[in-house]
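# Structural overview for review
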Amino acid sequence: MRESVNVDHCIIGGGVVGLFTAYFLQEKFPKDTICLLEKNVFLGEGSTSRNSGVLHSGIYYPKNSLKHLLCIEGLSFWKSCELFDEESIKTTGKYIFAMNSTEQDRLDSLREKGINNGVEGLRFASKVERKEISQYVNCSSALFSPSSGLVNVPLILKKLENHLDSKGVMIMKSHGDFSLRKSKSGFTVEYPDYDIEVSNLFNCAGLSAVEIRKKLNLNELSDYYVKGSYLSTTQKISHPTLLYPIPPLEMKGLGVHSTMNWDGTIKFGPNTRDVEEVNYSLEEEDLESMKESVMQMFKGIERSKLYPDYSGIRAKVKKDNNLWTDFWIRSGKEFNMPGYFEACGIESPGLTASPAIGRKMASFVY
């Protein structure tokens, strides 16, 4: 007879979205049993650890989209939650710069969008500020976003894991090879030696989210992967503020920008490349093109001191073969599968929005 374990809530995916979903479920249902299944040996090995590590303010996204609303809500949570301190998050501010007058209209439009989105404190840089940042970038004009910042990703993952563990949430790593089916009472997660019987199932699997939902015969979504690579440098940029160019017109990403690691070292990226599979190898063609972009935008950087760093994959999705440009967050009631909940297409600003995504996922359950 197969061993069977019964849980009230099961989260698939141990990235930051899955962890926050567990966080808010435990807060809402402190007496319920909750387990989290992560396929890798460590939490957050996928998209959570392979992005710019930036807290965004909500400037870039269509008004009232999930990306807009959850980005702003998530940013507020990061800065107010007692679980995180100055070792976990850092408010740096961000300058978004135009390199010449031909980009000014786009910068004006971005400012208008940000103000309409309720981004606090957004303003044009003063003449003194422009002169200061012009030491580092080719800048004719710039917007300043004071609320942007950085996340210490390894530390926040550890803090979330320790918190959930202290509350009795079962975190099960190296648990990715399973079958999944609908059952009379909910769902059955089948491993070779045992089953997990689940009342409420939360798909927070990031790059594997579409694959998970297909196990339940939900087939209207397909993956659309966009890879982004990063360069690092041994050189120092003493300016403490993030420096971003105007976003590219195709808006697959925010352009090759500078950001900081938690230790203060500088990296540049990401670029964007459509790919067919999850593969984190670095392409020499991409790296050379990125070096050209860095040299055009940033001052005082020596090409010979730019080194390959890492890459990440944006988990974009298509619906019925058409690109879905917002987060896809749904209750299974919408497609006759009560007890199932999913977060797909969680790309930028997914890290910033992750607390709000987790809260929204938990809110589906009554």
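This text follows the structure it describes.
As a starting point, this report considers the structure included with it. (Residues numbered from 1 in each chain as written. Predicted model: local features only at pLDDT ≥ 70, side-chain atom pairs only at ≥ 80, totals over all residues. Heavy atoms only, no water.)

### Things to note about the overall build of the protein chain
- For the protein chain, the helix and strand inventory stands at 8 helices and 21 strands.
- By its C-alpha atoms, the protein chain is 70 × 40 × 40 Å across when sized along the principal axes.
- Burial statistics for the protein chain: of 366 residues in total, 56% are counted as buried.
- Put simply, of all contacts in the protein chain between residues at least 6 apart along the chain, 73% involve residues at least 24 apart.
- Of the roughly 16200 Å² that the protein chain leaves accessible, carbon and sulfur atoms contribute 48%.
- Put simply, the protein chain has 44 plus and 46 minus side-chain charges, and the middle of one group is 4 Å from the middle of the other. (Helix = DSSP H or I, 4+ residues; strand = E, 2+ residues; numbered from the N terminus. Buried < 20%, exposed > 50% of the residue type's maximum accessible area, 1.4 Å probe, protein only. Contact = heavy atoms within 4.5 Å. Areas by Shrake-Rupley, 256 points an atom, 1.4 Å probe, with all protein chains shown as cover. Lys, Arg positive; Asp, Glu negative; His and termini not counted. Charge placed at Lys NZ, Arg CZ, Asp CG, Glu CD.)

### Things to note about empty space enclosed by the protein
- Inspection of the entire model under this criterion finds 2 cavities of 30 Å³ or more.
- Its boundaries defined by the atoms lining it, the largest cavity holds a volume of some 40 Å³.
- If you trace the largest cavity, you find it lined by I237, H239, T241, L242, L243, S258, T259, M260 and I266.
- Contributing elements (two or more residues each) for the lining of the largest cavity: strand 14 (242-245) and strand 15 (257-260).
- Of all the elements, strand 15 adds the most residues to the lining of the largest cavity, at 3 residues.
- Here the residues of the lining of the largest cavity sort into 5 nonpolar, 4 polar and no charged.
- The volume enclosed by the second largest cavity comes to roughly 30 Å³.
- Lining the second largest cavity we find G206, L207, A209, V210, D223, Y225, A315, K316, V317, C344 and G345. (1 Å grid on protein atoms, 1.4 Å probe; cavity = no way out; pocket = protein on both sides within 12 Å on 5 of 7 lines; lining within 4 Å. Points joined across faces, edges and corners; volume = space filled by probe spheres on them. Nonpolar A, V, L, I, M, F, W, Y, C, P; charged D, E, K, R; others polar.)

### Observations concerning the environment of G149
- Inspection of the secondary structure puts G149 in strand 8 (residues 149-151).
- Owing to a relative accessible area of 0%, G149 belongs among the buried residues under this scheme.
- Placed 59 residues apart in sequence, G149 and K90 show a C-alpha to C-alpha distance of 5.4 Å.
- Setting aside its immediate chain neighbours within four residues, G149 contacts G53, V54, L55, K90, T91, T92 and L242.

### Some words on the pattern of salt bridges
- Counting across every chain of the model gives 19 salt bridges.
- With a closest N to O distance of 2.7 Å, R303 and E288 form a salt bridge. Taken as a pair, R303 in the loop between helix 7 (284-297) and strand 18 (306-319) and E288 in helix 7 lie far apart in primary sequence, 15 residues in all.
- Classification of R303 as partly exposed rests on a relative accessible area of 29%.
- Linking R330 and E334 is a salt bridge whose minimum nitrogen-to-oxygen distance equals 3.2 Å.
- What makes R330 buried here is its relative accessible area of 16%.
- Linked by salt bridges that have partners in common, K67, R314, K316 and E347 make up one network. (Salt bridge = Lys/Arg side-chain N within 4 Å of Asp/Glu carboxyl O.)

### Observations regarding the nonpolar core
- Core analysis: the largest hydrophobic core is formed by 44 residues, its most contacted members being F20, W78, I329, I357 and M361.
- When contributions to this core are tallied by element, the ones reaching two or more residues are helix 1 (16-28), strand 2 (34-37), helix 2 (66-80), helix 5 (153-166), strand 21 (340-344) and helix 8 (350-363).
- Per element, the largest residue contribution to this core is 8 residues, and it comes from helix 1.
- Counting residues in hydrophobic clusters, the runner-up holds 40 residues, among them I59, A142, F268 and L287. (Core = buried A, V, L, I, M, F, W, Y, C linked by side-chain atoms within 4.5 Å.)

### Re unusual backbone geometry
- For the bond from G269 to P270, the omega torsion is -10°, close enough to zero to count as cis.
- With respect to the helices and strands, the residue P270 is situated in the loop between strand 16 (266-269) and strand 17 (273-275).
- Positive phi values are uncommon outside glycine, yet N321 reaches one of about 75°.
- With respect to the secondary-structure elements, N321 resides in the loop between strand 18 and strand 19 (322-324).
- By relative accessible area, N321 is classed as exposed at 60%.

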